Structures are given as C-alpha cells and as structure tokens.
Amino acid sequence: MSGNILDSIHEIVKKLSRSFDEVAVHAIAKKDTMVKIWNSEPSITQLWREIELHLRLAKSNRLWVLIYKTHELGELVKRAEEIVKTANKISEAEFYAPLPDYAACKPLSGVFDQNVEYYMKNPDNLANSLITETLSTGVERVSGTIRLSQLNRLLVTSKGYECREAKTAFEVYARAFKGDLTGHWAHGSTHISHDAIREVGRKAGLYATITKNKVDFTPGEYTVLLSPLVIGNLVNYVANMASALPVLMGFSMFAKYKPGEKIAAESISIYDAPRDTTLPGAVGFDEEGVETYNKPIIEKGVLITLLHNTATAIKMNTRSTGNAGWITPRSWNLDIPGGSVKYEDLIRDLREGVFITNNWYTRLHNYYEGIFSTVSRDATLLVRNGDIVGHIGRVRIASTFERLLKNVQELSGEKFSVWWWEVRVPVKAPYITVSNLQLTKPEV
Amino acid sequence: MQVDPGLLRRVVDRGRELGAQYVEARFQDDYVVGIGTRNDRVIAVYNNRSSGVGIRVLVNGALGFASTNSTSLSDLLETVEYAISQAKATSSLRKKPIEFSEEEVSKGKYGVEEKERLLDFGVEEMIKLAMEIYSASKSSVKEAKLPFLSTDIRVHIQEKLVVTSEGAQIEARVPRLYVNAFSVLMHLEKGTLQRSRWLAGSGGAELIKKWDPVKVFSEEQARLEKVLVSGVAPPSESIWVVLGPEVVGLIAHESAGHPMEADRILGREASQAGESYVKPEFIGKYKIGNKYATVIDDPTIPNSYGFFLYDDEGVKARPRYLYNEGVIYEPLHNRHTAKIFNTKSNGAARSMDYTSEPIIRMSNTYLAPGNISFEELIEDIDLGIYVKSYMEWNIDDVRWNQRYVGLEAYMVRKGELAEPVRNPVLEFTTGWFYSNILGVDKNLEFYPGTCGKGEPSQGVPVWFGGPNVKLSKMRVGVLA
C-alpha cells in the first residue's frame with residue numbers, strides 16, 4: 001500500500017471525525033493472478049490490482065457502511081459528508097455498539113510467501129505442473145484453477161487503532177475426466193506448495209479412475225463417507241449459521257440453542273481458526289481491530305460459542321470473539337480435528353455405504369430448522385463390505401444439519417486443507433463417516 | 001459517461017501496438033445505495049461503488065485479462081501491458097489458438113428510461129417502505145407469529161462503455177431497483193416456515209408503485225400462514241402436478257438456460273459450475289421435450305432485471321430460442337464459442353463488474369406461455385397438487401437431476417384449488433420435465449434472481465419466468 005494512499009486514509013479519518021462520532025477505514029490492496037484450465041489448456045490468465053476502501057461511519061447510534069472500489073477518494077469523502085446531513089432522517093441502528101477502545105497492533109506473521117511474486121509473473125510453471133500431474137494418472141482431460149494472491153490491509157479507526165497486515169494466498173483445484181467418471185481435489189494455503197499441486201492432480205486423477213463400474217443405486221438411508229471437500233462445503237454453512245447476526249435474524253439453526261447445549265456427536269468439533277497461519281483465511285485482527293484467536297464453535301458435540309462482533313456481542317450479553325465484519329460476524333478459517341482412523345479403514349468399515357468425494361449446490365429450505373440438500377458431483381461410490389463396487393452417478397443428500405452433526409461416526413486421522421469455488425472459507429478437514437443420511441435420486 | 005471513449009481507444013490502440021490480435025476495454029461503474037432492516041429497525045445504510053476498467057486481450061491465441069480501478073491514462077496503459085503479459089505467460093500451454101467469430105461492428109448507446117429518477121428513491125423512502133412491509137406483514141398474520149422479517153432494498157445504477165479494437169463502441173446506462181424480504185413464520189405446534197421473496201427490475205422509482213411491495217409481501221404472508229398452520233402432507237400415490245410461474249421460471253433457468261450455455265457445453269466451466277448434458281452434436285437435432293418445450297432467453301425485454309441491448313463484446317442482443325418445440329435449438333454464444341460452433345455470436349457475453357471477464361450468461365429466461373386460462377389448465381384434474389413457490393432447490397452439474405421443495409402449495413381437487421400442502425418435494429430429470437408438459441396457461445410471470453457462474457464467481461441480474469404448467473402424474477415426496 002503506497003504512502004499516498006496511507007496518507008489519504010489518515011486524512012479521511014481526521015476529516016470525517018469532525019462530522020461523525022466514529023470513523024473506521026479498512027483499506028485492502030489486492031493483487032491476484034489466476035490461471036483457468038479448460039480441457040488441459042489455459043482458457044484465460046487474469047491479473048487484478050485493486051484497492052478497496054471500506055468505511056464505517058456512526059453518528060448518534062446510526063450506522064453507515066460504504067465500500068468503494070475506486071481511486072476517487074475525494075468522491076468517497078464527499079459522499080460521506082452528504083450522508084451526515086441526512087442522519088436525523090434515519091433511525092438508530094438495531095445492532096450498534098461503539099468501536100472498541102484503543103488496542104495494540106498485533107499483525108499476524110508467517111503468512112507472507114515471497115515466492116508468490118515470482119510465480120505471479122510465471123504462472124505457466126504451476127499450470128503446467130497441475131496439467132501434467134493430473135494427466136499422468138491416466139485421465140483424458142483436466143480442468144482447474146490456480147490462483148495466487150497478495151493482500152495488504154490497513155485498519156484505521158477514530159479510536160486510535162491502526163494496524164497493517166500483509167499475507168499471501170495460494171489456491172489450486174483440479175477436476176479430472178475419464179469416461180463418465182470425474183474426480184476433483186482442492187488445496188488452499190498461505191504459501192505456494194509444489195507438493196500440493198502434485199497431490200491435487202494425483203487425487204483428482206485417483207477418483208476419476210477409481211472404478212470403471214457403473215452400478216445401480218436405490219435411494220434411502222445410508223452410512224455415508226464424506227471427503228474433506230464435502231465436509232468443507234457443509235461446514236461452511238454451519239459456520240455461516242454460527243455467526244451471531246444470522247442467529248438474531250432467524251437465518252440460523254443455532255437460534256434454537258444456547259451455548260453449552262449438546263447439538264452434535266461427541267466426536268465432532270469445529271473451530272474457527274484465524275491463527276492457523278497455513279490456511280489462507282489467517283488474520284491477526286478483525287474489522288473492528290479486535291485481536292483474533294482460535295475458538296471452538298462446537299467442541300465434542302457441544303455448542304461453545306457463536307461468532308461475534310462488538311455489536312452482536314453486546315446484544316447477546318457476551319464479548320466479541322474477534323470475528324467482525326462490521327455488520328455480520330464471520331469465520332476466518334475452519335478446523336475440524338481428526339480422529340484416529342485411517343482413511344482406508346473408513347472405507348473398509350462400510351458394510352453398505354456410499355462414499356461422496358465432492359458436492360455442490362447446497363441449498364436450505366429452512367435455515368431455522370437447518371433443512372438442506374446438496375448434490376454429489378465427481379466420484380460417488382457404492383461400498384459393500386469394505387470394497388468399492390462401482391460408481392452410482394449423481395445423488396443428493398437430503399437431511400438437516402442437526403442430523404448430520406449428530407450422526408457423525410468416525411473421522412480420519414489425515415486432514416486436508418481445502419479451498420475452492422464451493423468452499424470459500426478455507427477448511428482443514430478429515431474424511432468423516434455419517435450414519436443414516438437420506439440419499440435421493442429422481443425416480444422419473 | 002464518466003470516461004471518454006477516446007481514452008479507451010488509446011488503450012485499445014496501445015494493445016494492438018504491443019501485438020494483441022484483439023483488445024477490448026470496458027469501463028464499468030456500479031453504484032449502489034441500499035438499506036438493511038430487521039423487523040421495525042434499521043441495521044445499516046450502505047453505499048457501494050465499484051468503478052474501473054477491465055481489459056481483455058487475445059495474444060498468440062491466448063486470452064489475458066487485467067483490470068484497474070484507476071482511470072488515468074498511465075495506469076490504463078500499464079494495465080493493457082499486464083493483460084498482454086498474462087496472455088503471453090501461458091500461451092505456450094495452448095495447443096489450439098483461441099479465435100473469435102467475425103461479427104458486425106456495433107456502435108450504439110442505450111439506456112433505460114426512469115419516469116421517476118431512481119436515485120430520488122432515497123434512503124428515507126427505502127426505510128419507510130421497509131417499515132410498511134414489516135407492519136403490513138405482521139398485521140396479516142393471525143394464528144402464527146412473524147418473529148423475523150428482514151428487508152434488503154437497494155438501487156443500482158450501472159454504466160458501461162465498451163470499446164474494441166474492431167471498432168465497436170457501446171455505451172449503456174441501466175438503473176435497477178431491488179426489494180427483498182426474508183421472513184420467518186413461527187407456530188408453537190407447527191414449527192417454522194421461511195420465505196425469501198424478491199421484486200426487481202430495471203427502470204425508475206415508478207417501479208415501486210407498479211409492484212406495490214407492501215401488498216405483495218403482506219398478502220403472501222397471510223397465504224403462507226395458512227400453509228404453515230393448516231398444510232397437509234402430499235398424498236403418497238402418483239398425482240397430477242401443476243407448477244406456478246416462479247417454479248417453472250427457475251426450472252427454465254436451471255435446466256434449459258444453463259445447459260444451453262455454449263461455454264458449459266464445451267467444458268470451460270467444468271471445474272466450477274460444471275458441464276452440460278447437451279453435447280455439440282445435439283444442436284438442432286436432439287429432442288429434449290414435447291411441443292410445449294420452448295424456452296427463450298431474451299435480454300431485450302423492457303424493464304427486465306436482465307436487460308441489455310448489446311453484450312460486453314459489442315454484439316447486438318436478441319431473443320434466443322434455447323429449446324424450440326422440444327428441440328435443443330440455439331445455445332447462448334459469445335464470440336469464442338461461436339467460432340468453435342462455426343456460427344455467429346448471439347450476444348450473451350456479460351460481466352458482473354469491471355474486474356470480471358465477459359462470459360456467457362443468461363438474461364431473462366422463460367418457458368413460452370399458451371392461450372388458456374389457469375382454470376382451464378386444471379379443470380380436468382381429479383387429484384393433483386399446485387406448487388406456486390419454493391425455497392430449496394438444486395440441480396446436478398450437468399443440469400439433469402433436479403429438486404424443488406415447494407413452499408406455497410395446494411391440493412387440486414376436482415378441477416379446483418383446495419387445502420394447502422406443506423413441503424412437497426419434486427425430483428425429476430430435465431428429460432422427464434420437458435417431455436411431460438401436458439399444458440401451459442397464458443399467465444406469463446417473471447421473477448428476479450442473481451445468477452452465479454465463473455471464477456472468480458460473477459453474480460449477474462436475471463429474470464426467469466413462465467406460465468403455469470401442468471405435468472404428467474408423478475410421486476411427490478415430502479421432507480423427511
């Protein structure tokens with residue numbers, strides 16, 4: 001972030017502090033390179049250099065949030081000054097709390113990979129590695145994405161808080177095709193890893209070639225083995241609902257529960273893990289300048305905490321958990337502790353089960369009740385007496401998140417860092433078996 | 001327009017000087033003012049602006065894209081160099097060069113008329129509307145409670161200027177209005193029912209009067225209360241199924257619109273939004289349905305949410321018949337896929353914002369209506385179900401296996417709507433749906449949505465719609 005922008009931000013805070021009770025500016029400077037791969041060739045290579053300015057303004061308990069992706073900082077200030085003139089026409093905000101008082105700046109270290117800059121200029125090496133590794137498994141073609149990011153953020157508030165943080169991010173995922181079977185794998189980190197690229201290619205290829213048999217499938221209740229990709233997708237929904245704002249808005253199954261209540265199997269814990277510096281969502285301070293910390297959302301089946309910013313915390317008579325979002329608290333990274341079973345043994349333990357390696361299109365019928373369905377894609381495998389007997393095409397899990405969490409059986413010891421198009425909050429997750437899940441497929 | 005076309009022309013010329021076969025520079029400004037409320041309180045007022053230039057180039061048979069939110073000449077010239085360096089960085093990995101179809105060069109300027117200036121529908125008016133929606137909705141509910149009703153109301157002014165190295169120059173201004181209410185109805189014994197309902201389109205503040213959101217939302221709450229309190233489970237045997245325009249529109253979007261995107265057919269979105277059951281050789285030959293299976297995507301519908309007259313490659317927009325009387329007919333094309341299919345682009349390239357590459361998108365997708373009334377459509381049904389709206393839905397990544405869980409639904413008995421039905425589940429394949437349409441009425445209605453696709457994901461405004469549709473008998477499930 002250049003000195004000019006930095007000076008401008010200080011100027012904005014100083015100037016607007018004359019008109020508003022509180023001012024916070026969150027400036028984000030991003031540089032991203034992305035290679036998209038289509039039929040084993042790049043379809044497009046893209047570069048973004050952006051500066052985003054997020055402005056939180058408060059006056060007499062009224063709240064405004066401005067997000068400007070523009071270099072015209074003067075316009076942003078002008079707009080803010082127009083806003084203040086209409087403040088008395090707007091009612092007090094439902095969820096308002098003063099910004100936290102001054103705190104020391106403690107940015108996270110160990111989250112910036114110097115190699116990212118080089119590969120941003122030379123992404124062909126990484127793309128070629130992903131294509132080559134995946135094709136080496138014997139598949140016919142591969143699609144996928146490689147993204148490299150540098151992110152600098154600066155938070156300045158009128159309470160005297162100022163902190164900067166820089167990090168990098170690396171995302172790679174691949175989908176491999178062989179006949180009518182596909183396999184998919186994904187990885188996310190703060191650091192580039194050539195091993196991870198190779199692993200993504202190998203595992204995508206593995207699942208695309210794991211069986212040649214297409215077998216019949218009868219819808220019903222099954223014990224289902226879910227890959228870390230599926231767990232990552234579903235746990236994103238759980239974590240979104242653990243944000244206190246959706247709870248207060250009726251958008252969440254957690255509206256029915258209080259911290260301390262048992263809501264899941266004892267074997268399952270879900271942590272918000274902003275301090276895991278290997279995952280790309282790592283962050284040292286939230287949007288209110290509160291220092292982040294790792295915390296259980298669910299621990300050994302018990303709901304421990306919702307995710308809070310200062311305003312939702314006051315509303316629910318607790319303290320911020322360092323998860324602001326000025327309006328909506330959010331999770332940063334998610335970590336699910338593994339079990340003691342080997343992945344291979346999870347398959348071996350299935351008597352009549354289904355192994356779902358990837359999913360998409362998760363939708364809820366009712367957030368309050370947690371009623372959802374999601375569709376499998378890529379290898380969906382029927383397992384009998386511990387053996388994969390064939391693939392069954394695309395099926396649907398139709399259940400509730402409560403049932404899913406309560407019916408967790410076993411977790412693998414191995415964990416994988418997952419980040420891709422359908423898993424937007426990075427997740428470190430094991431393979432997990434869940435009993436009595438309803439699987440459907442159209443009769444007509 | 002905030003940016004002079006001459007500025008973009010210089011950028012395009014510079015790209016050509018640097019060896020690009022094709023350069024496209026697009027200034028795009030998206031300005032949003034909105035509010036969020038919960039019950040009778042404001043959560044926040046928000047104001048967003050995303051403004052900058054996206055530059056796409058074709059170099060050595062490879063595509064590169066770069067964007068900047070600066071509009072200074074020096075930054076733009078640097079950005080076109082970045083776009084070219086990006087294309088060159090991976091061009092050695094392409095075995096077959098990317099080419100574009102030849103198209104008529106368009107120059108045009110268009111906008112959407114605002115009878116009442118949209119930005120005059122200010123924050124104060126938005127809050128007043130939100131409070132009225134909450135108050136009227138709460139009053140309309142008698143036996144159940146309405147513990148949560150949140151609204152999201154916003155105006156969005158979108159301006160674009162597209163300049164290409166082939167001489168296209170398109171200037172557009174589209175104002176859009178969006179009103180959403182998300183509600184939770186609760187009954188001590190019957191549980192909860194949730195609804196998310198949108199009204200959205202392009203035009204001015206006059207749309208508020210035309211839509212009457214307070215009436216629409218509050219009357220729907222009263223009907224949904226009956227579903228919650230008195231709704232019965234659907235019968236277990238096979239029954240006739242009639243779907244309302246909201247459900248039919250979504251089906252058209254998901255199982256005709258998406259599988260007919262040519263980039264998806266060719267696999268460009270394979271690792272994200274997926275591929276298509278449609279193969280290139282199906283076009284113009286393969287029958288997916290019966291005579292009622294005509295699905296049209298038309299960006300030119302006045303006041304629609306997915307409105308545009310030229311796409312972001314400068315190609316003139318027109319209605320596209322995706323399925324025509326049961327035949328897989330015309331995919332949505334951009335210039336890249338048109339070249340591969342040896343045809344012309346039909347103007348389907350859209351970008352969410354200046355940071356987004358133009359990709360193939362739907363606009364306003366609908367199943368063609370018929371001539372009969374709703375009463376005539378259901379008059380010979382002895383026992384059936386009418387599903388008017390939905391909450392949960394999904395479809396597989398080749399757009400074949402799909403599910404819709406009804407929200408407002410009724411039994412049909414002896415040709416008339418009867419008692420409400422709760423949570424009916426419909427699962428069928430694309431082939432079954434389009435082959436089992438027995439009738440369509442004349443009541444074409446549109447519903448808004450934000451369609452997601454691409455990487456990074458791009459959400460673009462669309463309408464989807466259709467008439468009421470009568471289907472063959474099927475077994476209707478129920479939430480377990």
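Residues numbered from 1 in each chain as written. Chains lettered and ligands numbered in written order. Predicted model: local features only at pLDDT ≥ 70, side-chain atom pairs only at ≥ 80, totals over all residues.

Q: If you had to explain the overall build of chain A to someone new, which residues and values would you point to?
A: If you tally the helices and strands in chain A, you get ten helices and 19 strands. Against the globule reference of 22 Å for 444 residues, chain A gives a C-alpha radius of gyration of 23 Å, in line with a compact fold. For chain A, the spread of C-alpha atoms along the three principal axes comes to 70 × 50 × 40 Å. In chain A, buried positions account for 57% of the 444 residues. (Helix = DSSP H or I, 4+ residues; strand = E, 2+ residues; numbered from the N terminus. Rg over C-alpha atoms; globule rule 2.2 N^0.38 Å. Buried ≥ 20, exposed ≤ 12 C-beta atoms within 10 Å, placed from the backbone.)

Q: Any details on the domain arrangement of chain A? Residues and values, ideally.
A: Size of an interface: often given as the accessible area lost when the parts come together. Residue and element names in this part refer to chain A. Looking at chain A, the domain boundaries give domain 1 (3–206) and domain 2 (212–440). Put simply, the parts of the chain that give the side of domain 1 that touches domain 2 at least two residues each are β4 (141–157), β5 (162–178) and β6 (181–189). Per-element tally for the side of domain 1 that touches domain 2: the top contributor is β6, with eight residues. Class assignment of the residues belonging to the side of domain 1 that touches domain 2 gives a composition of 17 nonpolar, ten polar and six charged. (Domains from an automatic or database assignment. Nonpolar A, V, L, I, M, F, W, Y, C, P; charged D, E, K, R; others polar.)

Q: Tell me about the environment of Thr79 of chain B, and please be specific about residues and values.
A: Residue and element names in this part refer to chain B. Mapped onto the fold, Thr79 is located in helix α2 (residues 73–91). Judged by the 26 C-beta atoms lying within 10 Å of it, Thr79 falls in the buried class. Note: C-alpha distance between Thr79 and Val174 (95 residues apart in sequence) is 26 Å. Other than its neighbours up to four places away in sequence, Thr79 contacts Val53, Ile55, Ala66, Ser67 and Thr68. (Contact = placed C-beta atoms within 7 Å.)

Q: Give a description of the sheet that holds strand β19 (residues 416–421) of chain B that names residues and reports values.
A: Residue and element names in this part refer to chain B. Strand order in this open sheet of six strands is β19-β18-β15-β8-β24-β21, and the pairing throughout is mixed. Of all strands in the sheet, those with a lone pairing partner are β19 and β21 (437–440), marking the two edges. Each strand axis lies, on average, 30 degrees off the axis of its neighbour in the sheet, ignoring direction. Two strands pair when backbone bridges link them, and strand β8 (residues 239–243) and strand β15 (residues 383–387) are joined in this way by four bridges, in the parallel orientation. Bridge pairing links Leu243 to Val387 in β15. (Pairing = 2+ DSSP bridges. Axes fitted to C-alpha atoms, helices over the stretch in contact; angles between N-to-C directions.)

Q: So what's going on with helix α3 (residues 123–140) of chain B? Residues and values would help.
A: Because an α-helix packs 3.6 residues into every turn, residues spaced three or four apart end up facing the same way. All names here are of chain B. Compared with an ideal rise of 1.5 Å per residue, which puts 18 residues at 26 Å, α3 spans 26 Å between its outermost C-alpha atoms and is within 8% of the ideal. Within α3, burial applies to Val123, Met126, Ile127, Ala130, Ile133, Tyr134 and Ser137. Along the long axis of α3, the arc covered by the buried residues comes to 120 degrees, so they all point the same way. Across α3 from its buried face, at more than 90 degrees, point the exposed residues Lys128 and Ser139. As for α3, its buried residues are in contact with β1 (22–38), β2 (41–59), β5 (145–164), β6 (169–187) and α5 (213–230). (Expected span 1.5 Å × (residues − 1). Arc of directions from axis to C-beta.)

Q: Please give an account of the interface of chain A and chain B that cites residues and values.
A: At the interface, 70 residues of chain A touch 69 residues of chain B. Residues that form the side of chain A that touches chain B fall into these classes: 33 nonpolar, 20 polar and 17 charged. Note that strand β3 (residues 62–69) of chain A and β2 of chain B share six bridges and pair parallel. Directly across from Tyr68 of chain A, in β2 of chain B, lies its bridge partner Arg49 of chain B.

Q: Residue-level account of the confidence of the model for chain B, with values.
A: All names here are of chain B. Of all residues in chain B, 100% attain a pLDDT of 70 or more, and the chain-wide mean is 97. Considering each helix and strand of chain B separately, the mean pLDDT is smallest for strand β25 (residues 477–478), with a value of 94, and largest for strand β9 (residues 295–297), with 99. This prediction of the complex comes with two scores: 0.97 for pTM and 0.97 for ipTM. (pLDDT = per-residue confidence, 0-100.)

Q: A description of the sheet that holds β25 of chain B should follow, citing residues and the corresponding values.
A: All names here are of chain B. One open sheet holds the four strands; their spatial order is β16-β17-β20-β25, and the pairing between them is antiparallel. Because the sheet does not close on itself, it has two edges, and the strands there are β16 (390–395) and β25. Here helix α6 (residues 245–257) sits on the sheet in contact with β16 and β17 (401–406), set at roughly 20 degrees to β16.

Q: Tell me about the nonpolar core, and name the residues and values.
A: Looking at soluble globular proteins, one finds that nonpolar side chains tend to be buried together. Formed by 247 residues in total, the largest nonpolar core has its most connected members in Val25, Leu130, Val235 and Ile270 of chain A. Beyond its immediate stretch of four places on either side in the chain, Leu130 of chain A contacts Ile37, Gly144, Ile146, Val172, Ala174, Ile197, Val200 and Gly201 of chain A. (Core = buried A, V, L, I, M, F, W, Y, C linked by C-beta atoms within 7 Å.)

Q: Would you mind going over the environment of Thr45 of chain A in detail, with residue names and values included?
A: Position of Thr45 of chain A among the secondary structure elements: in strand β2 (residues 41–59). With residues near it in sequence (within four places) discarded, Thr45 of chain A still touches Val35 and Pro123 of chain A together with Gly64, Gln86, Ala87, Ala89 and Thr90 of chain B.

Q: Please set out the pairing of strand β23 (residues 458–466) of chain B residue by residue, giving values where relevant.
A: Residue and element names in this part refer to chain B. Among the nine residues of β23, eight are classified as buried, and the element is accordingly described as predominantly covered. In terms of strand pairing, strand β14 (residues 364–367) meets β23 through three bridges, oriented parallel. Residue pairing for β23: Asn364 is matched across the bridge by Trp463. With nine bridges connecting them, strand β22 (residues 445–453) and β23 associate as antiparallel partners. Bridge pairing links Cys451 to Val460 in β23. From the end of β22 to the start of β23, which pair antiparallel, there are four residues, and Gly454 there has a positive phi angle of about 95 degrees.

Q: Would you mind going over unusual backbone geometry in detail, with residue names and values included?
A: Between Ala324 of chain A and Gly325 of chain A the backbone carries a cis peptide bond, its omega angle lying at 25 degrees. Counting through the fold element by element, Gly325 of chain A comes out in the loop between α8 (310–315) and β11 (334–335). The omega torsion of the bond from Glu455 of chain B to Pro456 of chain B falls at 0 degrees, within 30 degrees of zero and hence cis. Considering the arrangement of structural elements, one finds Pro456 of chain B in the loop between β22 and β23. The phi dihedral of Lys300 of chain A is positive, around 50 degrees, even though this residue is not glycine. Summarising the element assignment, Lys300 of chain A is placed in the loop between β9 (295–299) and β10 (302–303). The exposure class of Lys300 of chain A is partly exposed, given the 14 C-beta atoms found within 10 Å. Even without a glycine there, the phi angle at Lys414 of chain B is positive, about 50 degrees.

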